[in-house]
Amino acid sequence: MVITLYSQDKDDTYYLHSTKNKIDLDFYLPKRKTAIQVAWELNNFSKEREIRTLLSLAKVDNNVTDFCIVIWQQEETIHQDNVTINVIPLYKFLLAEQRYFLPKSVAGAVFSCYNHLCQ
């Protein structure tokens, strides 16, 4: 995941840590208005921790509009405190990120096939 994000825009991929605001964010992409947390799975302990970090960021940074938790297999949408957090499996994240550096004809074919298989 790091390689994918960094290869797309190394000048806009940050790790964000703030003890003042209690934020420990895995990936902060300000130009894309995106915050990403990464975890193996969301269980009772990790879910609260990952959500808390994203909600803390939402309170102090109004520019971020996309909040995401990338995990191995689970998928869900969480709505909390007027923030929508998309929980997506790693394979979907990587497929979605490919659109940034695949030729349009190849990307179109990949996503057409992907959408057909997943419906």
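Conventions we followed
- Residues numbered from 1 in each chain as written.
- Predicted model: local features only at pLDDT ≥ 70, side-chain atom pairs only at ≥ 80, totals over all residues.
- Heavy atoms only, no water.
- Helix = DSSP H or I, 4+ residues; strand = E, 2+ residues; numbered from the N terminus.
- Buried < 20%, exposed > 50% of the residue type's maximum accessible area, 1.4 Å probe, protein only.
- Contact = heavy atoms within 4.5 Å.
- Areas by Shrake-Rupley, 256 points an atom, 1.4 Å probe, with all protein chains shown as cover.
- pLDDT = per-residue confidence, 0-100.

### So, the overall build of the protein chain
For the protein chain, the helix and strand inventory stands at four helices and six strands. Each helix and strand of the protein chain, placed in order from N terminus to C terminus, yields the pattern α-β-β-β-α-β-β-β-α-α. Here the protein chain holds 119 residues, and 35% of them are scored as buried. Of all intrachain contacts in the protein chain linking residues separated by at least 6 positions in sequence, the fraction that spans at least 24 positions is 44%. When the accessible surface of the protein chain is split by element, carbon and sulfur atoms take 53% of a total near 7,700 Å².

### Things to note about the confidence of the model for the protein chain
When the pLDDT values of the protein chain are averaged, the result is 76; 68% of them are 70 or greater. Of the regions scoring below 50 in pLDDT, residues 100–117 engages in 13 contacts with residues more than four places distant in sequence or in other chains.

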